[in-house]
Structures are given as structure tokens and as C-alpha cells.
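Given next are the chains, with one letter for each unit.
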Amino acid sequence: MICWEVKLKGDRCFLSELVKEYNSPELSVTIDDAGCFLKSDTLNKLSDRARVYETAVGFVEFINASSKVYSNRDKSLDLEGFWLVDADGSRRRDFIAVGAVSGRIILIVQGNDVAPKDWYSLWQSNENVKYVFRLFIGSSLLDWASLYMIYETIRDDPQYHVGNRNGVENIASWTSPQQNSDFFETANWYRHSDFGKTKGKRNVRPLREMSLSAGNDFIRAIVTHWLNCKSTNSPPE
């Protein structure tokens, strides 16, 4: 059986937290004297190197996007190479595929916290979760159109339309009615003003305009609540 290991590059403290959270055959991260390595039974079933690379990139994109949601950590990991492990446990480098990112942004990183491993199962099985995480991949703040698309995805999730309670009420309960209103009005103002949308009536700048940074924080907060509820199958509180 082929045994792949993907070498990771990133902050040592964050990598150490990954080791604690991801430790199953489905997805695990280990650290030894040679570095930090990602392993997965999914990778070991693949022989085509293009598929191996594509699958590993997906794993890293999930970790990067989930950590951006969970702790506002920007671009946590890079790929540093693909290794094959022989029967005696020795590694030999098979190929290298390292991506580059350009651009600068100042972010306040809130710690080395790693997103719960339960989020990984959701990401694997739920297209809406994959869609939301794809929008978080990148090294800059999300624009208002992207933020609103995430808001709509969570608001319209049929799993949380319980009784007379709708998606807007769920979001307001996770944050506050005022924050929800400020986000909605600000996002609408910028979506219709900056992206050429038409509401059918005159667009009015909100009285309590939310900053783009605050909008990103708001969306990260509701994504976190949404994923935690979905991972436990619990109704919104």
C-alpha cells in the first residue's frame, strides 16, 4: 500500500495545536525531527500524483479557511513537499509543490487555536460549508458582496428554520439584533453601490455604518456558531 506524507510549513505553535486536534487515520498531523507532516488514508488510496496534490491542497485549504474563521489566522499553512514512506518507515521525497502568495494585509491574530476537527466532517459532506470556506481562502479581508453571500447561505440553511423562527432570528440570537441590522444595512449599501445591484428603490447609506473589518468579524462569528450547531445537530440557542 502506498503511504504518502505531506510536509507542512507554518508557525510552530499552530502546528503543535494541529497535532492535538487532528490525530485520526482520516486526517492526522504529526511532528518529528524531520518536520511537520500531514497524513490521510484518503491520500494513501491514490497513485496518481496530480490527484495526490489536488487532495492535499484541499486539506490545506480547509485548515487555512477554518483557522481564518476560528481565530482570524491568515494563511496558516503552506505545502513544502510530498514524501513516500517505505516499509521500514524511512521517508523519501517524491515531488515538491509549493504555492506562493502575494500581497500584504495587517490582521490581528487571536491565537493559535485550531478549528474543531468536527468541522472537517462537515466540510467533507456539506456543499454549503465548502462554499463558505472557499470564500475565506485568501490573504485579504472579504468584500461586502462575499460577506453577504455567506450571510445568505447561513440565513437560508433549512436545517435551522425551526417552528416560527427564521434564519435572521437565528443570526440575531448568535450576535445581537443591533449587530445583525448594522451588518445587513451596511452590506446592502455597499453591494448595491459598489457592485451595480438594483434594489428597486433609492439606496440609503446606513446611520450605523459597520466597517469592513467589523463586517468580517461579524461573519466569522456567525459562521462559527453555525458550524458548531451543525456539528452537534443542536438547534440555535
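The coordinates are above.
Peer 1: Please explain the packing of helix α4 (residues 118-125) against helix α9 (residues 212-232) as it appears in this structure.
Peer 2: The angle between the axes and the distance between the axes are what describe a pair of packed helices. In contact at an axis separation of 9 Å, α4 and α9 are set at 90° when each is read in the N-to-C sense. As summarised for this structure, α4 and α9 are arranged roughly perpendicular, according to the angle between their axes. Residues Asp118, Trp119 and Leu122 of α4 pack against Thr224, Leu227, Asn228, Lys230 and Ser231 of α9. For the contact of α4 with α9, the residue count by class is three nonpolar, three polar and two charged.

Peer 1: Sorry if this is basic, but what is going on with α4 here?
Peer 2: Because an α-helix completes one turn every 3.6 residues, residues spaced three or four positions apart along the sequence face the same direction. What α4 keeps buried is the set Trp119, Tyr120, Leu122 and Trp123. In an axial view of α4, the angular spread of the buried residues amounts to 160°, which keeps them on one side of the axis. On its buried side, α4 packs onto β3 (27-32), α3 (49-71), α5 (127-136) and α9.

Peer 1: It is not clear to me how the sheet that holds strand β6 (residues 91-95) should be interpreted in this structure. Could you clarify?
Peer 2: Consider a sheet: its strands pair through backbone hydrogen bonds, and that pairing is either parallel or antiparallel. On the basis of which strands lie adjacent, the open sheet formed by six strands has the order β2-β3-β4-β1-β5-β6 and antiparallel pairing. Every interior strand has two partners, whereas the edge strands, β2 (23-24) and β6, have only one. Here strand β5 (residues 77-85) pairs with β6 via four bridges, running antiparallel. Residue Phe82 lies in a different strand from β6, and its bridge partner there is Phe95. Running at roughly 130° to β3, helix α1 (residues 12-21) makes contact with β1 (4-10), β2, β3, β4 (35-39) and β5 of the sheet.

Peer 1: Explanation requested: the nonpolar core in the structure shown.
Peer 2: By size, the foremost hydrophobic cluster in this structure holds 57 residues, and its most contacted members are Leu8, Leu18, Phe133, Phe136, Phe183, Ile219 and Val223. Per-element tally for this core: the top contributor is α3, with eight residues. With sequence-adjacent residues up to four places away left out, Phe133 is seen in contact with Phe62, Ala65, Ser66, Val69, Trp119, Trp123 and Leu227.

Criteria and thresholds
- Residues numbered from 1 in each chain as written.
- Predicted model: local features only at pLDDT ≥ 70, side-chain atom pairs only at ≥ 80, totals over all residues.
- Heavy atoms only, no water.
- Axes fitted to C-alpha atoms, helices over the stretch in contact; angles between N-to-C directions.
- Helix = DSSP H or I, 4+ residues; strand = E, 2+ residues; numbered from the N terminus.
- Parallel < 35°, antiparallel > 145°, perpendicular 65-115°, else oblique.
- Contact = heavy atoms within 4.5 Å.
- Nonpolar A, V, L, I, M, F, W, Y, C, P; charged D, E, K, R; others polar.
- Buried < 20%, exposed > 50% of the residue type's maximum accessible area, 1.4 Å probe, protein only.
- Arc of directions from axis to C-beta.
- Pairing = 2+ DSSP bridges.
- Core = buried A, V, L, I, M, F, W, Y, C linked by side-chain atoms within 4.5 Å.

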